[in-house]
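So the chains spell out like this:
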Amino acid sequence: MKLGQDLLKIGTKNFKSRLLTGTGKYKNFEEMNESLKSSQCEIVTVAVRRVQSLEAGHIGLMQSINWKKFWMLPNTAGCSNAEEAIRVARLGRELAKLSGQEENNFIKLEVIPDKKYLLPDPLGTLEAAEQLIKEKFEVLPYINADPLLAKRLEELGCATVMPLGSAIGSAQGLLNQSNIQIIIENCNVPVIVDAGIGVPSHAAKAMEIGADAVLINSAIALAKEPPMMANAMNKAVQAGREAFMAGKLEERSVANPSSPSSGLISTPNIAIQ
C-alpha cells in the first residue's frame, strides 16, 4: 500500500493524519493554533464543559480555531457517571453543528469518577456508550487497556476504542503495552492510544506495535516549545506507522549476521615476512 493511500477510517470519515491533538493546557490560543498547525493533525478534541466555562482561558476557544480545517471531536471530560456523559455528549453534538459541521456525530466518551488517578469507569462507559450509539453517535470511548472491555465496546457499535497507555498527563508511556497489543490483535475497529504519551518515542512505539492512531495533549501543550514538540510528535507517528507497515525485524536472542556466510571469497595462506 502506498503511504498516501493509508487512511485512518473512523465511522464514515477518512483522515490522512494519525495524530489527534487536544486544546487544553496551552498558555494561550496563539500557541495552541501554532501547535495544531505544526502537528498536521486533522482531528482536534474539545472538552464540552471547558468550552461552556466562563473562566479565564476558556472564553473564545471555539472561535479561535478554524473548524473548516479541523474535524471536531467533542469530549465528555469532567463527567463522573453515564448520565452526565450522555447529557454532555448531546451538547457536544450541538457544538459541532454550531461550528458548521452539521454531519459531525463524533464523541470522545470519558466517564471518570476517580479524581486522583483519573481512571475511566468501565461500567459507566459501557452504559453511556450503549445509549449514545442508539442516538446515532460515533462513539470513541476512553478506556483502561482492558481487552475484554474493548471487544465488548466494539460489539456494541463503537467507532473506535481508546485504551490508555498510562495515566493521563503522567508521561510514563506505554505501561500497558501487552494489553494494548491484545486489543490491537482482537479488535476490528481503530485502536487509538490515548493518555500517557510523553515523548515522541512513546508515540512511535504505539504506532510500531500496530495502533491506528494516538491522541496527545499534555506532552505538546506543556512542552517548553509546544509547536516544536507538535512537529516532533507528528514525525514520530509517521515513522512508527511506516515501520509497522514495512514489517519490522523480529527480535532474536542470538546474533544473526547481516552478511551471508555462504559464497565467501577464500583467502590464500600468505606467509608473513
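Our subject is the structure that appears above.
Residues numbered from 1 in each chain as written. Predicted model: local features only at pLDDT ≥ 70, side-chain atom pairs only at ≥ 80, totals over all residues. Heavy atoms only, no water.

## What to know about the packing of aromatic side chains
The tally for this structure, following the rule as stated, stands at two aromatic pairs. Ring centres of F15 and F106 lie 6.4 Å apart, and the angle between their planes is 70 degrees; on these two criteria the pair is classed as edge-to-face. You can see F15 sitting in strand 2 (residues 13-15) and its partner F106 sitting in strand 6 (residues 106-109), a full 91 residues away along the chain. Taking 5.7 Å as the distance between ring centres and 80 degrees as the angle between the ring planes, the aromatic pair formed by W71 and F106 counts as edge-to-face. Of this pair, W71 sits in strand 5 (residues 71-75) while F106 sits in strand 6; the two residues are 35 residues apart in sequence, bridging distant segments of the chain. Of the residues examined, F106 reaches a relative accessible area of 3% and is grouped as buried. Through a chain of ring-to-ring contacts, three or more aromatic side chains come together here, namely F15, W71 and F106. The lysine or arginine in question, K13, covers the ring of W71, its NZ or CZ lying 4.1 Å from the ring centre. (Phe/Tyr/Trp six-rings, centres within 6.5 Å; stacked < 30°, edge-to-face > 60°. Helix = DSSP H or I, 4+ residues; strand = E, 2+ residues; numbered from the N terminus. Buried < 20%, exposed > 50% of the residue type's maximum accessible area, 1.4 Å probe, protein only. Lys NZ or Arg CZ within 6 Å of the ring centre and 35° of its normal.)

## Observations concerning the nonpolar core
Ranked by internal contacts, the top residues of the largest apolar core, which has 63 residues, are V139, V214 and I216. Residue contributions to this core peak at seven residues, all from helix 4 (residues 82-98). Apart from residues lying up to four places away in sequence, V139 is in contact with I107, L109, A129, L132, I133, C158, A159 and T160. Core analysis: the next-biggest nonpolar cluster, separate from the first, contains 14 residues, I10, L20, W71 and M162 among them. (Core = buried A, V, L, I, M, F, W, Y, C linked by side-chain atoms within 4.5 Å. Contact = heavy atoms within 4.5 Å.)

## A look at the packing of helix 5 (residues 122-134) against helix 6 (residues 147-156)
One can describe the packing of helix 5 onto helix 6 by two numbers: an axis separation of 10 Å at closest approach and a directional angle of 15 degrees. Classed by the angle they form, the pair helix 5 and helix 6 counts as roughly parallel. Relative to helix 6, the crossing made by helix 5 is right-handed. Contact with helix 5, carried on its side by P122, T125, L126, A129, E130 and I133, involves L149, R152, L153 and L156 of helix 6 and no other residues of that element. In terms of residue class, the contact of helix 5 with helix 6 is built from seven nonpolar, one polar and two charged. (Axes fitted to C-alpha atoms, helices over the stretch in contact; angles between N-to-C directions. Parallel < 35°, antiparallel > 145°, perpendicular 65-115°, else oblique. Left-handed = near helix turned anticlockwise from the far one by under 90°. Nonpolar A, V, L, I, M, F, W, Y, C, P; charged D, E, K, R; others polar.)

## What to know about helix 8 (residues 200-208)
Those residues of helix 8 that sit buried are H202, A203, A204, A206 and M207. Positive backbone phi, at 110 degrees, marks G210, one or two positions downstream of helix 8.

## A word on the state of the cysteines
Summed over all chains, the structure comprises zero disulfides. Counting only cysteine sulfurs, C158 is the nearest neighbor of C79, a cysteine outside any disulfide, at a range of 16 Å. (Disulfide = S-S within 2.5 Å.)

Everything listed is a geometric property; what it means functionally is a separate question.
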